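# Observations on the three-dimensional arrangement
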Amino acid sequence: MDKTIDLCSRTVMEKLFLACAVGCFVGCGAKKGTADETSSADAIKTPATVEEAARVLDLSTFPLPDGAKPLESRHVANLSYLATGDVKKAFEFNRKALGAQGWKELPNSSVTDQYASAMFSRNGFVVYLSVTPAGDGTQQVRLQNQGNVKPGKLPVPPNAKPVYVGDSTAMYETAAAVPATADACRNLFVAQGWVPYGKAGDSDFFKQNAILATSTVSSAPAQGGKTMIQYSNQLISSDIPAPPNVEDLRYVDEPPELTFETTSNQDAIVDFYRKTLATTGWKSTMDKLIDVDEKPTMIFRNPAKDMITLSIPSVYGGKFGVSVRFQSAAEIAELDRRIKEEAPKLRAAAEAKAAKEAAELAERNKVPKIAVTLPADAKDVKQTKDEIKFTVGKGKAKAAVEFFRKQFREAGWKEDVASLEAMAGTLLLSKGEGQSVTITYSDTGFMPSEVSVSAMRAELEAAK
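Below you will find a few notes about this structure.

About the criteria used
- Residue numbers restart at each chain and count upward from 1, following the sequence in its written direction.
- Owing to the predicted nature of the model, reporting of local features is limited to residues with pLDDT of at least 70; listing and counting of side-chain atom pairs is limited to 80 or more, with chain, interface and lining totals taken over all residues.
- Only hydrogens and water are set aside; all other atoms, that is, all heavy atoms of the structure, feed into the side-chain values.
- Definition of nonpolar core: a set of buried residues of the types Ala, Val, Leu, Ile, Met, Phe, Trp, Tyr and Cys, connected through side-chain atoms within 4.5 Å.
- A 1.4 Å probe rolled over the protein chains alone gives each residue an accessible area, and that area as a share of the maximum for its type sets the label: buried under 20%, exposed over 50%, partly exposed in between.
- Residues are treated as being in contact if the distance between any of their heavy atoms lies within 4.5 Å.
- Cavities and pockets were defined on a 1 Å grid built over protein atoms only: a cavity is a set of grid points that admits a 1.4 Å probe from which the probe cannot escape, a pocket is an open set flanked by protein on both sides within 12 Å along at least five of seven lines, and lining residues are those with an atom within 4 Å of any such point.
- Grid points are joined across faces, edges and corners, and a volume is the space filled by probe spheres set on the points.
- Working definition: helices are DSSP H or I runs of at least four residues, strands are E runs of at least two. Numbering for both runs from the N terminus.
- Basically, the charged four are Asp, Glu, Lys and Arg, the nonpolar ten are Ala, Val, Leu, Ile, Met, Phe, Trp, Tyr, Cys and Pro, and anything else, Gly included, counts as polar.
- One bridge is not enough; two strands pair if DSSP finds at least two bridges between them.
- Fitting a line to C-alpha atoms yields each axis, with helices limited to the stretch in contact; the angle taken between N-to-C directions then spans 0 to 180 degrees.
- We define a polar contact as two N or O atoms separated by no more than 3.5 Å, with the added condition that, inside protein, one atom must be a possible hydrogen donor and the other a possible acceptor, whereas residues neighbouring each other in sequence contribute only through side-chain atom pairs.

This part is about the nonpolar core. Within the largest apolar cluster, 74 residues are counted, with the highest numbers of intra-cluster contacts made by Leu143, Leu258, Tyr273 and Val324. Those residues within four positions of Leu258 in sequence are excluded, and the remaining contacts are Tyr197, Ile240, Pro241, Ala242, Leu249, Arg250, Tyr251, Tyr273, Val322, Ser323 and Val324. Ala378, Val401, Val437 and Ala458 belong to the second largest nonpolar core, which has 24 residues in total.

Below, the structure is given as structure tokens:
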């Protein structure tokens, strides 16, 4: 359940974006025409819920150009896909699609043959669009709804001075120490109703409804050792609640999943999600946890037919590892459609594989046939694939065995055991890969003598 790479990657990208933002600030001066639309009649005045954000823009239903291939299952807050054509063509398609839905392009867009990026605003929301070559002739397109809370509106400790405040990020500096500044930021967020939602490196994450705010506090040697504060926001596709006092809390949005560790028992975890999810219309589809792929699991559904899967896959160090994953009704329907579409192919492939494996097994188990010439006076012959029984006259059994002995030696068989007495005996021969023949007899001298020839990993064919 370790998603350190995902969160660290996000932190790195935020820092890279910050560097670009600072470059714009230094080279272009203060920005004009920013996305400050919170005073408009249609603007949502508080951090948006998933449902409120979807009414403004639902990227799970956003139009795709012909031939586009989504890289992930589609979600409300973000969209990634591969597009044919060049960078400018892919960018222009999305610029027009957003414009058709009433989105306004903000200043400082960058469009070249190698890269394109831009931000668009509508009703207080900001969407970031980027297009980069994928290296195989296609273009990777990404749209991320950054939500309706501007980074510059997030709470800042006293005496922190703005370095850059834009639509996508805000940066401040302060003379206060890093730990004290991080604590101050955390307290201010909590005081304004933000819920702590994980941590990675220098970054703390806070959630309010479906807005995820990132607060990164770090030392800046290039600024004389001052402490730097960086804020950024994004919309998330599912408002998954987190229990209090859990450890290693992580959230990723592709697909929407919350993971954490806890010392609470399974019953406490289940009870929290039953009660918390019920307040927003979610109900469990089962009475208790059931094993799915050896993981205790519980499913929740809401009236919209979305699904939340709670699973507790591991216990280590006295802690439970917990995963809470969201899937939209549209995602589930698409998955069902693909399964039904692929079912005949999968069934045919499975049948072909089974037939191939059966043929290979039959070939491996195939045994050679051994032609066995019986003595001329053999009577009452009884035969199966691996055994031949017959009788000869009294006192003639040993001679019959000697007849076989000469026959098998001439055919290249090795004699392993030979115990041949007048009244009874055994002859064991071997050849090839595990093939063996055992010849036994009994001869009382009073009744017809019995002779048996049996084989292992071979079939016998009798002939006179």
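Taken as a whole, the second largest pocket spans an internal volume of roughly 990 Å³. No other element matches helix α6 (residues 329–365), which puts 5 residues into the lining of the second largest pocket. When grouped by side-chain class, the residues that make up the lining of the second largest pocket number 14 nonpolar, 13 polar and 11 charged.

Attention now goes to the sheet that holds strand β8 (residues 161–165). Read from one edge of the open sheet, 6 strands run β8-β9-β13-β12-β11-β10, paired in antiparallel fashion. In the strand order of this sheet, the two ends are held by β8 and β10 (195–200), each with one partner. Averaged over all pairs of adjacent strands, the angle between their axes in this sheet comes to 20 degrees, without regard to strand direction. This element, helix α4 (residues 178–191), spans β9 (169–174), β10, β11 (203–208), β12 (211–220) and β13 (226–235) of the sheet and lies at about 165 degrees to β12.

Further remarks concern the environment of Ile290. Summarising the element assignment, Ile290 is placed in strand β17 (residues 290–292). Separated by 60 residues in the primary sequence, Ile290 and Gln230 place their C-alpha atoms 43 Å from one another. Those residues in contact with Ile290, other than ones at most four positions away along the chain, are Lys295, Pro296 and Thr297.

For the rest of this paragraph, the subject is the pairing of strand β27 (residues 449–456). The side chains of a regular strand alternate, first on one face of the sheet and then on the other. Two strands pair when backbone bridges link them, and strand β23 (residues 387–392) and β27 are joined in this way by 6 bridges, in the antiparallel orientation. Looking at β27, one finds that Val392 is bridged to Ser449. The sheet contact formed by strand β26 (residues 435–442) and β27 spans 7 bridges and is antiparallel. Bridge pairing in β27 places Thr440 opposite Ser452. Remark: 6 residues form the turn of the hairpin made by β26 and β27, two consecutive strands paired antiparallel; Gly445 in that turn has positive phi of roughly 85 degrees.

Let us look at the side chain of Asn302. Checked against the element boundaries, Asn302 lands in the loop between β18 (295–301) and β19 (307–316). At a separation of 2.8 Å, a polar atom in the side chain of Asn302 contacts the main-chain amide nitrogen of Asp306. Here Asn302 is in contact with Gly281 and Trp282, once residues within four sequence places are set aside.

The full count for this structure, using the stated rule, is 3 cavities of 30 Å³ or more. In this structure, the largest cavity occupies an estimated 40 Å³ of space. Around the largest cavity, the lining residues are Pro70, Glu72, Ser73, Arg74, His75, Asn78, Leu79, Ser80 and Glu254. In terms of residue count, the dominant contributor to the lining of the largest cavity is strand β2 (residues 78–83) (3 residues). Residue composition of the lining of the largest cavity, by class: 2 nonpolar, 4 polar and 3 charged.

Function-wise, these values are silent; they only describe arrangement.
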